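Letter by letter, the chains look like this.
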Amino acid sequence: MFVFRPCSVGGCGKPAVGPFDTCAAHDRDPNRLQAWLRETLGPGRSIADLCLAGISLADIDMSGMQIVGCELSGAKLEKVNLQGTRWQHVFIDDGSLTRCDFSGADIRSSVFSGSIVEECLFLESDLVMCNFLGARCHDSRFDHSNLYGSRFLGARFQSVSMKDCNLTRAYFTAGQEAAVDLRSSNTNEAVFITETASGCAP
Ligand SMILES: [Zn+2]
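Residues numbered from 1 in each chain as written. Predicted model: local features only at pLDDT ≥ 70, side-chain atom pairs only at ≥ 80, totals over all residues. Heavy atoms only, no water.

(A) Just the coordination of the zinc ion, in detail. Taken together, the protein donors to the zinc ion comprise Cys7 (SG), Cys12 (SG), Cys23 (SG) and His26 (ND1), at separations of 2.1 to 2.3 Å. Coordination at the zinc ion is tetrahedral, judged from the four donor atoms that bind it and the angles of 102 to 115° they form at the metal. Ordering the donors of the zinc ion by residue number gives the pattern C-x4-C-x10-C-x2-H. (Donors = N, O, S within 2.8 Å, 3.2 Å for Na, K, Ca; no water. Tetrahedral: all angles 85-135°; square planar, octahedral: opposite > 155°, others 65-115°.)

Written out as structure tokens, the structure reads:
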């Protein structure tokens, strides 16, 4: 996993991004950060143990990339091609994913909790043991995917389909099935948890 280096701006406390000494918000030269990102990210490349928290990426081809142990908390990705990427232990919590295409991706043990996922495609992908806790997901399709062991508890769905998916040991909050098109998926192998006044029942 990435090694935490604090932002050099006193009192900030956020991690420094990439090879730079500040977090993305305190970066004095956003052009430099963007240039570095576009040198580092590209089709078929591999990155590991990098902090990319809070970055903004748009209209970039990252297809086939391998991304391991990276921190992308709060990142904003728009129209990013992530087809066929392989993700392991990636944190993109509280992020924003707009019109990104993850089709054919193999994403394992990664965290999307609290993120906004809008108009994204996860077709024929593996999303294994991933966490979408409290995510807001709309106009997105996960059809023909393996969602084994992933958790969607407390996520809000609108116009989302998970048709013909493997839902074995996938966790949902009871009632979500009304908002997600689960046709031809093995819903009997999924776990639907009823929310109680004190939160979610075990
Ligand atoms: Zn900072």
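Structure's up, so let's keep going.
(B) Structural context of the environment of serine 109. With respect to the helices, strands and loops of the structure, serine 109 is situated in the loop between β7 (106–108) and β8 (116–118). Expressed as a C-alpha distance, the spacing of serine 109 and isoleucine 92, which sit 17 residues apart in the sequence, is 11 Å. For serine 109, the contacting residues outside a window of four places in its chain are His89, Val90, Val128, Met129 and Cys130. (Helix = DSSP H or I, 4+ residues; strand = E, 2+ residues; numbered from the N terminus. Contact = heavy atoms within 4.5 Å.)

(C) Spatial organisation of the sheet that holds strand β9 (residues 126–128). Strands sit in the order β1-β3-β5-β7-β9 across an open sheet of five strands; the sheet is parallel. Edge strands, defined here as strands with exactly one partner in the open sheet, are β1 (46–48) and β9. Adjacent strand axes in the sheet meet at a mean angle of 5°, parallel and antiparallel pairs treated alike. Relative to β7, strand β5 (residues 86–88) runs parallel, the two sharing three bridges. Counted as the bridge partner of tryptophan 87 is isoleucine 107 from β7. (Pairing = 2+ DSSP bridges. Axes fitted to C-alpha atoms, helices over the stretch in contact; angles between N-to-C directions.)

(D) Inspection of the pattern of salt bridges at higher detail. Applying the stated criterion to the full structure yields seven salt bridges. Measuring nitrogen to oxygen at the nearest pair gives 2.7 Å for the salt bridge that ties aspartate 181 to arginine 183. A relative accessible area of 55% means that arginine 183 is categorised as exposed. (Salt bridge = Lys/Arg side-chain N within 4 Å of Asp/Glu carboxyl O. Buried < 20%, exposed > 50% of the residue type's maximum accessible area, 1.4 Å probe, protein only.)

(E) Focus on unusual backbone geometry. Backbone geometry at lysine 79 places phi at a positive 50°, although glycine is not the residue there. Tracing the backbone shows lysine 79 in strand β4 (residues 76–81). With a relative accessible area of 39%, lysine 79 lands in the partly exposed category. Positive phi outside glycine occurs at arginine 99, with the angle close to 50°.

(F) Expanded view of the environment of leucine 72. Residue placement: leucine 72 occurs in the loop between β3 (66–68) and β4. Beyond its immediate stretch of four places on either side in the chain, leucine 72 contacts Leu52, Ala53, Ile55, Val90, Phe91 and Ile92.

(G) Summary view of helix α1 (residues 30–40). Turning to α1, its buried residues are Leu33, Trp36, Leu37 and Thr40. All buried residues of α1 lie within an arc of 100° about the axis, which places them on one face of the element. Residues of α1 that are exposed and point over 90 degrees away from its buried face: Asn31 and Glu39. Residues of α1 that are buried sit in contact with β1 and β2 (56–61). (Arc of directions from axis to C-beta.)

(H) Examining the sheet that holds β2 more closely. The strand order β2-β4-β6-β8-β10-β11-β13 describes an open sheet built from seven strands, whose pairing is parallel. The open sheet terminates on both sides in strands that have one partner only, identified here as β2 and β13 (180–181). Direction of pairing for strand β11 (residues 156–161) relative to β13: parallel, over a ladder of two bridges. For valine 160, the partnering residue across the bridge sits in β13 and is valine 180.

(I) Inspection of the side chain of serine 125 at higher detail. You can see serine 125 is positioned in the loop between β8 and β9. Other than its neighbours up to four places away in sequence, serine 125 contacts Phe102, Gly104, Ala105, His144, Ser145 and Asn146.

(J) Quick peek at the environment of methionine 162. Topologically, methionine 162 is positioned in the loop between β11 and β12 (171–173). A residue is classified by how much of its surface remains accessible, and methionine 162, at 0% relative accessible area, is buried. For the pair methionine 162 and aspartate 21, spaced 141 residues apart in sequence, the C-alpha separation works out to 41 Å. Every residue in contact with methionine 162, bar those within four places of it in the chain, is listed here: Phe142, Asp143, Leu147, Phe152, Phe157, Phe172, Val180, Asp181, Leu182, Arg183 and Ser185.

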